[in-house]
Amino acid sequence: MSLETFIAHFGLLAVGLGAAAEGETALMTGGLLAHQGLLPIGGVMAAGAIGSFLADEIFFFLGRHFRARPAVRALSEKPAFARALALLERHPVGFILAFRFLYGLRTVSPIAIGTSSIPARRFIVLNALAATVWGIAIAAIGYTFGQAIEMAFGKLGRIEHVAIAAAGLAVLAAGTIVLVRRRLARVAKAAD
């Protein structure tokens with residue numbers, strides 16, 4: 001079985017799991033593969049949203065049910081956890097809608113929210129909305145990046161070209177994350 005066939009059969013599951021575990025890079029790669037016709041773009045968007053939503057729900061409920069346990073208490077002593085709680089206290093709805101876009105706070109935030117007094121129903125609704133927007137936006141970036149590569153290098157027909165484009169996408173994502181992180185650090189310092 002060729003790699004293209006494997007991706008066509010298991011790609012959306014891989015995108016969903018990747019979005020749950022890794023986030024942007026997996027979903028952007030799914031968007032790139034959708035541009036190549038290996039995956040449906042709507043499926044990539046949905047798989048990314050569902051994977052992200054489910055991972056954040058699991059972390060929220062782990063925080064909610066195990067907040068008194070040593071592992072969660074140790075995590076709560078980390079600076080990122082304190083930052084997440086401070087932002088949640090100041091802007092509860094905005095923070096829940098935005099945390100998945102904030103580098104360095106993505107994984108710890110749902111646990112921190114779980115330890116707070118935010119009702120589970122409220123978190124579920126806001127998390128579903130944010131995961132949907134995130135899934136659509138990040139997959140669209142990957143899809144658009146595929147168009148840019150195609151315009152620059154012609155139609156990507158070989159898996160090696162897809163791998164090169166995915167690596168470029170990862171570099172682009174890392175650069176974007178660094179820039180956003182620096183900007184958020186400046187904003188956080190100005191708020192203090």
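Residues numbered from 1 in each chain as written. Predicted model: local features only at pLDDT ≥ 70, side-chain atom pairs only at ≥ 80, totals over all residues. Heavy atoms only, no water.

Let's talk about the environment of Asn127
Mapping Asn127 onto the fold places it in helix α8 (residues 120-153). Residues Asn127 and Glu57, spaced 70 residues apart in sequence, show a C-alpha to C-alpha distance of 7.9 Å. Setting aside residues no more than four positions away along its own chain, Asn127 makes contact with Phe53, Asp56, Glu57, Ile96, Phe99 and Arg100. (Helix = DSSP H or I, 4+ residues; strand = E, 2+ residues; numbered from the N terminus. Contact = heavy atoms within 4.5 Å.)

Let's talk about helix α5 (residues 79-90)
The first and last C-alpha atoms of α5 sit 17 Å apart over 12 residues, in line with the 16 Å expected at 1.5 Å per residue. Where α5 is concerned, the buried positions are Ala80, Phe81, Ala84 and Leu88. Buried positions in α5, seen along its axis, are confined to an arc of 100 degrees and lie on one side of it. With respect to the buried face of α5, the exposed residues turned more than 90 degrees away are Pro79 and Glu89. Turning to α5, the residues buried within the fold contact α4 (70-76), α6 (92-98) and α7 (108-115). (Expected span 1.5 Å × (residues − 1). Buried < 20%, exposed > 50% of the residue type's maximum accessible area, 1.4 Å probe, protein only. Arc of directions from axis to C-beta.)

Comments concerning the packing of helix α2 (residues 24-35) against helix α3 (residues 41-65)
Across the interface, α2 lies against α3 with an axial gap of 9 Å and an inter-helix angle of 170 degrees. Here α2 lies roughly antiparallel to α3, going by the angle between them. Of α3, the residues touching α2 (which contributes Leu27, Gly30, Gly31 and Ala34) are Ile41, Val44 and Gly48. Here the residues of the contact of α2 with α3 sort into 4 nonpolar, 3 polar and no charged. (Axes fitted to C-alpha atoms, helices over the stretch in contact; angles between N-to-C directions. Parallel < 35°, antiparallel > 145°, perpendicular 65-115°, else oblique. Nonpolar A, V, L, I, M, F, W, Y, C, P; charged D, E, K, R; others polar.)

Focus on a nonpolar patch on the surface
Side chains of Ile58, Leu62 and Phe66 sit close together on the surface and give an oily, nonpolar patch of about 250 Å² of accessible area. The residue Leu62 is located in helix α3 in this model. Owing to a relative accessible area of 36%, Leu62 belongs among the partly exposed residues under this scheme. (Patch = residues over 30% accessible without salt bridge, like charges linked within 9 Å, V, L, I, M, F, W, Y side chains within 5 Å. Areas by Shrake-Rupley, 256 points an atom, 1.4 Å probe, with all protein chains shown as cover. Salt bridge = Lys/Arg side-chain N within 4 Å of Asp/Glu carboxyl O.)

Comments concerning the side chain of Arg106
Along the polypeptide, Arg106 turns up in the loop between α6 and α7. Within the structure, Arg106 has its side chain in polar contact with the side chain of Asp56 (distance 3.4 Å). Setting aside anything within four residues of it in sequence, one finds Arg106 in contact with Ala19, Glu24, Ser52, Asp56, Phe99, Arg100 and Trp134. (Polar contact = N/O pair within 3.5 Å; in protein donor to acceptor, adjacent residues only side chain to side chain.)

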